[in-house]
Amino acid sequence: MPSPSPAPEPLARTGFSRRGVLATTAGVAAAAALFEAAPAHAQTGPSTDAGPDSVELKWLEGAPAVSPGSTWGVPWGPGRFGAEQTFKLTGADGAAVPVQTWPLAYWPDGSLKWTAHAVGPAATHESFTLEAGSPAAPAFALSVTESRNHIDVSTGVIKVRIGKSGTDLVKHVKRGDRTIASDGRLVNITQTEAPDPETGSVTRDRYESEIDEVAVEQDGPVRAVVRIDGTHRKTRGRGRSWLPFTVRLYFYAGGESFRMVHTFVYDSDGDDAFIAGLGVRFKVPLTDAMYDRHVRFVGEGHGQLTEAVKGVTGMRRDPGEAVRNAQIAGTALPDPSTWDQRVTTRLQWIPDWGDYSLTQLTSEGYAVKKRTKEGHGWVPVDQGRRASGFGYVGGVSGGFAFGMKDFWQRHPSGLDIRGAHTDEATVTVWMWSPEAQPMDNRFYHDGLGQDTYAKQLDALEITYEDWEAGFDTPYGVARTSELLFWAVEATPTAERLGAMADAVRANPQVVAPPEHLSAAGAFGGLVGPVDRGHPFREATEDLLDANFAYYRNAQDQRHWYGFWDYGDVMHSQDGDRRVWRYDVGGYAWDNSEFSTDQWLWQYYLHTGSAESFRFAEAMTRKTTEVNTYHIGDWAGLGTRHGVMHWGDSSKQVRISNANYWRYFYYLTADERVGGILRFLHDSEKTALVLDTGRKIRDPETDPWDPDPTAVDIGFGTSWAALAAAWLTEWERRGPDWEFCRDKVLGTMETIAAQPNGFAQGSADYNMETGRYAIAETPVVERSNLSSGFGRFEIVAELLQQVDMPAFEADWLRYSRFYTATRAEQEAEYGARFGDLFLWAFCRGNAQVYARTGDEDQARHAWKVFRTQAEYWKGDSETWPEFERVETTLNPTDWWPRMATNDAAQWGMAAIQNLHLIGDFVPDE
């Protein structure tokens, strides 16, 4: 592991002074006094609990029958392990398991905060123990060799050559001396218009990958990662290029498979180019006799299409039981001389089926068809509901297996095998099937005459949609897909094919249990494991589970699936139609509004359930890509909720929010999400290219004149997102990385130094110094959104590791009084705060107790928390029952008072309160 970065200089030498303390009011002084006199069990100042020195790990969904390898993250308390620490892994049977380790994040003292670990495909023990020690070496040597024109990776079982230029990302995949696959490239089919399918005709163009840059990001000994960047270039005529891509290839020691994480950026406004097909393609050499070549598709569950290119089963004449059984099993057929000769002498009359296609056009149905070759008609094979996204072509001497994660959820998708009757088959995994209608990203209405801000704001009053011409563009959004490929030495058994399909459906994931995550203080130490040891706890846990189940069921019942949509949920319900408001402006797709992602991840940290992890994982994949602009003028900004994921004109850092994505990165060490987090570390610069307050700002009295030394960045939704990005990059690069460290410390100090601290709401931010100007006049911001986009959570992490008493005192003061009575607020601040979501913000009072030991704050938090329950109950003496609605298009569950803002904020308040103030739960 790399040497630890030097510890940062003392705060007094990095610009911190006592000014923030001197500027505080009597309320802050009182909070500070309570802070200093806190009982021993309260946490005062940065965390000093080193936490556990080992962890018992498990598989998220149980030990897999087939694993391509797994990578995961583990948190550690401050000072527990130095940056040079090595780790060993032991299986449940006591055997040493080869493991690779690298740092993900550091505490300010240079000790390890998060570590990443990787194991190869042989590590399928039921559980593992990770602790300090020397790692075992893998049985198969993983090697990465780089030359001028290519990179060779050997897992010890397969060898993969990666191109550095040209079209082919993967030049060949070999197992021993046999080439299993070659010419691995990206394919794109594009058309310039999307006419009515009944009357229109179009011309389609084919594009293929063109490599720009290749880099080795990791080179063993257990895991290797190679990154490839490029664009798709037109294959004929003028060589236009578009759709920038990043592909990462993952290899594990001893593996016969490799993983591909494919990302493309949509660099079009949606009007001039339409994606009609997007996929990954390989050539597969075939040498076996036609009757020894096999095609496999795994459908729902482990059900399989089991076919041979030249099938000899079901014929009028029987070749013999041994022949039939071997062909179904995928093993070598006996010599034809041993067959019934009435079959052997007539083999030439049995057609060779060269082409197979599985297409999943909706989440509710796929179809399989086959034909003998191009130019001949297709024969329907069968249909099903939800295919696994896994297929295979090859023979008794070896073959190629392939699949895509979230296959049916991300429809329209497909798997194609062409030319299996020739010396070289072509395999394509379609992320967007060319058999579907072309991808249409045009906006869904014409603006309805909203040509001025006044009209747009008026429309916002009815549709809750903040539309503005030119701001409804998808230019710069992205999508990431995950694929797996195997080079096998023979056609796998049906049992093994089913296990391989399971690995495609959900990449096997090693995880640390909730108990360790909590004991190590992960993510601010706000979440603990489930404890049902009290009636109130039991009831709260039941409601937490019911909240999650309602959304999980709604995803399936309402079919929240599709290429751009999967991973998101809807914002609000329409009680008249008994549907979610999928077509009503800003009430439609949620787009991370009010921290839905964070709620789901905290629910996973709390329960450790596989279902919640996969739900949150899909949301992170969606929100990091589709909600966020990755190129263009708005790169680094996200889009507010709406009918189209990118349609709302409100582009803000509160949506491209590092608070939400840190969880997935640290739990999985995923390079793509890690890259996006790194991309956000200076996203405050977006304030210079877009006036987010343009519709409420009076241009005459308050003109927008962006000045990098004095730009208006609020302490709430914007600072919370920026602080999360800065902290993430600071802890990832090490404590001496000043660029983000100084922005974290500078803003903390200058927020605390404001006349009303956090309650001041905003101030001019200096991008050159990373500090706020100190306002001369005290004001009180009344926004009820300020703490709803990760501020409670990121402040908890800052308090965990930064020693700044003035900042902590001001935050505790603000948290005390935000849920206080109006009279108390006015007495303390001279004004009152906003009232909405007070019950959710009671988790701030729980933080006050955790930091000071003030038991009155713990009791007050539960009192405020229960006001939401009273709202949900309404006039009823009991909880409203879930209804089963049979009159909607499909039978669905219905609960009239559900809204995603409420579910997310209540969920986080419940989870955090149960952990921080669980000893004070009410008796009722």
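Everything below is about the structure printed above this text.
So, a few notes on the structure that sits alongside this text.

What counts and what doesn't
- Residues numbered from 1 in each chain as written.
- Predicted model: local features only at pLDDT ≥ 70, side-chain atom pairs only at ≥ 80, totals over all residues.
- Heavy atoms only, no water.
- Helix = DSSP H or I, 4+ residues; strand = E, 2+ residues; numbered from the N terminus.
- Rg over C-alpha atoms; globule rule 2.2 N^0.38 Å.
- Buried < 20%, exposed > 50% of the residue type's maximum accessible area, 1.4 Å probe, protein only.
- Core = buried A, V, L, I, M, F, W, Y, C linked by side-chain atoms within 4.5 Å.
- Contact = heavy atoms within 4.5 Å.
- Expected span 1.5 Å × (residues − 1).
- Pairing = 2+ DSSP bridges.
- Axes fitted to C-alpha atoms, helices over the stretch in contact; angles between N-to-C directions.
- Patch = residues over 30% accessible without salt bridge, like charges linked within 9 Å, V, L, I, M, F, W, Y side chains within 5 Å.
- Areas by Shrake-Rupley, 256 points an atom, 1.4 Å probe, with all protein chains shown as cover.
- Salt bridge = Lys/Arg side-chain N within 4 Å of Asp/Glu carboxyl O.
- Lys, Arg positive; Asp, Glu negative; His and termini not counted.
- Charge placed at Lys NZ, Arg CZ, Asp CG, Glu CD.
- Phe/Tyr/Trp six-rings, centres within 6.5 Å; stacked < 30°, edge-to-face > 60°.
- Lys NZ or Arg CZ within 6 Å of the ring centre and 35° of its normal.
- Left-handed = near helix turned anticlockwise from the far one by under 90°.
- Nonpolar A, V, L, I, M, F, W, Y, C, P; charged D, E, K, R; others polar.

What follows covers the overall build of the chain. Along the chain, the regular secondary structure elements total 20 helices and 37 strands. A compact globule built from 924 residues should have a C-alpha radius of gyration of about 29 Å, and the chain, at 29 Å, falls within 12% of that. Taking the principal axes of the C-alpha coordinates as reference, the chain spans close to 100 × 65 × 60 Å. Put simply, the chain has 924 residues, and 61% of those count as buried.

Right, let's get into unusual backbone geometry. Peptide bonds are mostly trans, and most non-glycine residues show a negative phi. Cis geometry marks the peptide bond from Gly-220 to Pro-221, where omega comes out at 20 degrees. With an omega of 5 degrees, the peptide bond between His-411 and Pro-412 qualifies as cis. By the element assignment, Pro-412 lies in the loop between β24 (398-404) and β25 (413-418). In this model, Asp-183 sits at a positive phi of 55 degrees, which is unusual for a non-glycine residue.

Turning our attention to the nonpolar core. Leu-57, Ile-162, Phe-485, Trp-719 and Phe-807 are the most contacted members of the largest nonpolar core, which totals 231 residues. Apart from the residues lying within four places of it in its own chain, the contact partners of Ile-162 are Asn-149, His-150, Ile-151, Val-153, Leu-169, Val-214, Val-226, Ile-228, Leu-249 and Phe-251. Counting residues in hydrophobic clusters, the runner-up holds 14 residues, among them Phe-390, Leu-484, Trp-486 and Ala-503.

All right, on to helix α6 (residues 494-505) then. For α6, spanning 12 residues, the distance from its first C-alpha to its last is 17 Å, which sits close to the expected 16 Å at 1.5 Å a residue. Taken residue by residue, α6 has Leu-497, Gly-498, Ala-499, Met-500, Ala-501, Ala-503 and Val-504 as its buried positions. Among the structural elements, β18 (293-298), β19 (304-308), β23 (390-395), β24 and β27 (478-488) are those in contact with the buried residues of α6.

Time to look at the sheet that holds strand β6 (residues 112-119). Reading across from one edge, β2-β6-β5 is the order of the 3 strands in this open sheet, with antiparallel pairing throughout. A strand with exactly one partner marks an edge of an open sheet, and here the two such strands are β2 (70-75) and β5 (100-106). On average, each strand axis in the sheet is tilted by 25 degrees relative to the strand beside it, whichever way the strands run. Examined bridge by bridge, β2 and β6 share 6 bridges and lie antiparallel to one another. Within β6, the position partnered with Thr-71 by the bridge is Ala-118. Most of the contacts of helix α11 (residues 658-668) go to β2, to which it runs at about 110 degrees, and overall it touches β2, β5 and β6. Where helix α13 (residues 717-733) meets the sheet, its contacts fall on β5 and β6, and the angle it forms with β5 comes to roughly 135 degrees.

Let us look at the sheet that holds strand β4 (residues 96-97). With respect to topology, 5 strands assemble into an open sheet ordered β4-β3-β7-β1-β28, the strand pairing being antiparallel. One side of each edge strand has no neighbouring strand; the edge strands of this open sheet are β4 and β28 (510-511). Two elements, strand β1 (residues 54-59) and β28, share 2 bridges in a ladder whose sense is antiparallel. The partner of Trp-59 across the bridge, within β28, is Val-510.

A separate point is the pairing of strand β15 (residues 241-252). Here β15 lies mainly inside the structure; 10 of its 12 residues are buried. Summarising the sheet, strand β14 (residues 223-234) and β15 pair through 10 bridges and their orientation is antiparallel. Along β15, the bridge assignment pairs Arg-233 with Ser-241. From the end of β14 to the start of β15, which pair antiparallel, there are 6 residues, and Gly-237 there has a positive phi angle of about 70 degrees. As paired strands, β15 and strand β16 (residues 257-265) are joined by 6 bridges and run antiparallel to one another. Note that in β16 the partner of Val-247 across the bridge is His-262. Taking the residues between adjacent antiparallel strands as the criterion, β15 and β16 are bridged by 4 residues, where Gly-254 takes a positive phi near 80 degrees.

Turning our attention to the environment of Phe-615. Here Phe-615 lies in helix α10 (residues 610-625). With a relative accessible area of 5%, Phe-615 lands in the buried category. Apart from residues no more than four positions distant in its own chain, Phe-615 is found in contact with Phe-548, Tyr-551, Arg-552, Gln-555, Val-569 and Leu-600.

A cluster of acidic residues, Asp-705, Asp-707, Asp-712, Asp-764 and Glu-768, forms a negative patch at the surface. Its place among the elements puts Asp-764 in strand β34 (residues 762-766). Classification of Asp-764 by relative accessible area gives partly exposed; the value is 38%.

So, about the packing of aromatic side chains. Using the criterion set out here, one finds 71 aromatic pairs in the structure. Ring geometry for Phe-400 versus Phe-402: centroids 6.5 Å apart, planes at 35 degrees, classification tilted. The burial state of Phe-400 is the same as that of Phe-402; both residues are buried. Centroid distance Phe-758 to Trp-811: 5.0 Å. Interplanar angle 70 degrees. Geometry classified as edge-to-face. A residue pair is termed long-range when its members are at least 10 positions apart, and Phe-758 in the loop between α14 (738-752) and β34 and Trp-811 in helix α16 (residues 805-818) qualify at 53 residues. Taken as a pair, Phe-758 and Trp-811 share a single burial class, namely buried. Linked through ring pairs, Trp-719, Phe-758, Phe-792, Phe-807, Trp-811, Tyr-814, Phe-817, Tyr-818, Tyr-829, Phe-833 and Phe-841 together constitute an aromatic cluster. For Lys-370, the ring lying beneath its charged end belongs to Trp-353, and the centroid distance is 4.5 Å.

Attention shifts here to the pairing of strand β20 (residues 355-362). For β20, the tally of buried residues reaches 6 of 8 residues, placing the bulk of the element in the interior. Adjacent in sequence and paired antiparallel, β20 and strand β21 (residues 365-371) are bridged by 2 residues. With 5 bridges joining them, β20 and β25 adopt antiparallel strand pairing. Paired with Tyr-356 across the bridge in β25 is Ile-417.

Along the chain, Glu-541 turns up in helix α8 (residues 535-557). Not counting chain neighbours up to four residues away, the residues in contact with Glu-541 comprise Val-530, Asp-531, Arg-532, His-606 and Leu-914.

This next bit is on the packing of helix α9 (residues 596-607) against helix α20 (residues 900-916). Look at α9 against α20: their axes get within 9 Å of each other, and the N-to-C directions meet at 35 degrees. Note on packing geometry: the crossing formed by α9 with α20 is left-handed. In this structure, α9 uses Thr-596, Gln-598, Trp-599, Gln-602, Tyr-603 and His-606 to contact α20, whose residues at the interface are Thr-900, Ala-903, Ala-904, Gly-907, Met-908, Ile-911, Gln-912 and Leu-914. Tallied by class, residues from the contact of α9 with α20 come to 7 nonpolar, 7 polar and no charged.

Function cannot be read off these values alone, since they describe shape.
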